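# Tertiary structure, described
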Amino acid sequence: MAQYQDHMLILKSRPYREADILLTVFGIKSGKMGAIAKGARRAKSRLAGIYPLSYAVCQIYHGRSTLDTLNGWDLIEGFPALQKDLSKLSWAMLLADLVDEMFLERDPNPSVVPWLIAAWERLARASAPRTTALTASWQLLKLAGYIPQWDRCGLCQQVPLQGPLWIDWEQGVYCASHYPNHHPGGMEISLGTLRTWHQWMALDVTKIGNYDAKGIIANQLFDLFCQYVEHHIGRMPRSLQFVREVETMAEKERNKPL
Ligand SMILES: [Zn+2]
């Protein structure tokens, strides 16, 4: 039983019991965990005002219960711009959800923290949030141990020089002459899509979102991510479904006749 301090990303929150909040946080030292903010829904509580998609120094009490207790917090960065734009908000929530889904309880992985902070920061400023969020999403999958080897054709071992290519979720990439037709567990992509994906995976955290994708390549990269996640998690996360709905809405808005 001990009191400790950790720098934490607030991923999610929901009302708990009469006046408490149950938080899902990701700490540099602690990894992902649940914490109760007791009485935080009372206006005068010193814990009031803590909200998801923010970064804070937290005072935590670790007792006998499986859930730790939040005793105090100091906001470092609240990313207010994320709360004012539905598209940015949906992407930021997806990133939080991915971290929640992909990482085990109390299994520290300090590299997650700078990636998620950089992603939320860039999203808050970005005019095209999709590239930033997808780059960060793939990098978070990589940190969670999902590292697709999409360099050489699974059959001829050559680096593909022309498309279309076939991505098989289990086996990797196949060049145009070797890809299995109508295979259910994968999707077709262009060479440009694969090359952009490699560029994204090579970026370091300070350059996140710098390599933009547009048009068909951007759409394929989004689809590739959705299908990859669905295949590996076994379902489409609700946060990803929400991103898709918001994106479809924005697309309709853009194509509306004047
Ligand atoms: Zn081949």
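### Here's the deal with the domain arrangement of the chain
As assigned here, the chain comprises domain 1 (2–77) and domain 2 (80–149 + 166–255). Opposite the 22 residues of domain 1 that make contact, domain 2 presents 23 residues. Both sides together, the interface formed by domain 1 and domain 2 hides about 1800 Å², and carbon and sulfur atoms give 66% of it. It is Phe26, Lys32 and Leu53 that lose the most area in domain 1 upon contact with domain 2, and together they represent 40% of the buried surface on that side. Summed over the shared surface of domain 1 and domain 2, the number is four salt bridges. Across the salt bridge formed by Lys12 and Asp97, the nearest N and O atoms sit 2.6 Å from each other. At the boundary of domain 1 and domain 2, one finds seven residue pairs in polar contact (both at pLDDT 80 or more). Of all the secondary structure elements, the ones that give two or more residues to the side of domain 1 that touches domain 2 are strand E1 (2–16), strand E2 (20–27), strand E3 (31–37), strand E4 (54–62) and strand E5 (68–77). Residues that form the side of domain 1 that touches domain 2 fall into these classes: ten nonpolar, seven polar and five charged.

### So, the nonpolar core
Leu9, Trp120, Trp138, Trp150, Leu224 and Phe225 are the most contacted members of the largest nonpolar core, which totals 58 residues. Residue contributions to this core peak at ten residues, all from helix H2 (residues 112–125). With sequence-adjacent residues up to four places away left out, Phe225 is seen in contact with Leu94, Leu98, Leu134, Ser137, Trp138, Leu141 and Leu240. Residues Ala37, Leu47, Ile50 and Leu70 belong to the second largest nonpolar core, which totals 16 residues.

### Overview of helix H6 (residues 238–255)
Between its first and last C-alpha atoms H6 spans 26 Å; for 18 residues at 1.5 Å apiece the expected length is 26 Å, and the two agree. Those residues of H6 not exposed but buried are Ser239, Leu240, Val243, Val246 and Glu247. Within H6, the buried residues cover an arc of 120° as seen down the axis, which keeps them to one side. Along H6, exposed side chains directed more than 90 degrees from the buried face belong to Arg238, Met249, Lys252 and Asn255.

What counts, and where the lines are drawn
- Residues numbered from 1 in each chain as written.
- Predicted model: local features only at pLDDT ≥ 70, side-chain atom pairs only at ≥ 80, totals over all residues.
- Heavy atoms only, no water.
- Domains from an automatic or database assignment.
- Contact = heavy atoms within 4.5 Å.
- Buried area = accessible area lost by both parts, 1.4 Å probe.
- Salt bridge = Lys/Arg side-chain N within 4 Å of Asp/Glu carboxyl O.
- Polar contact = N/O pair within 3.5 Å; in protein donor to acceptor, adjacent residues only side chain to side chain.
- Helix = DSSP H or I, 4+ residues; strand = E, 2+ residues; numbered from the N terminus.
- Nonpolar A, V, L, I, M, F, W, Y, C, P; charged D, E, K, R; others polar.
- Core = buried A, V, L, I, M, F, W, Y, C linked by side-chain atoms within 4.5 Å.
- Buried < 20%, exposed > 50% of the residue type's maximum accessible area, 1.4 Å probe, protein only.
- Expected span 1.5 Å × (residues − 1).
- Arc of directions from axis to C-beta.

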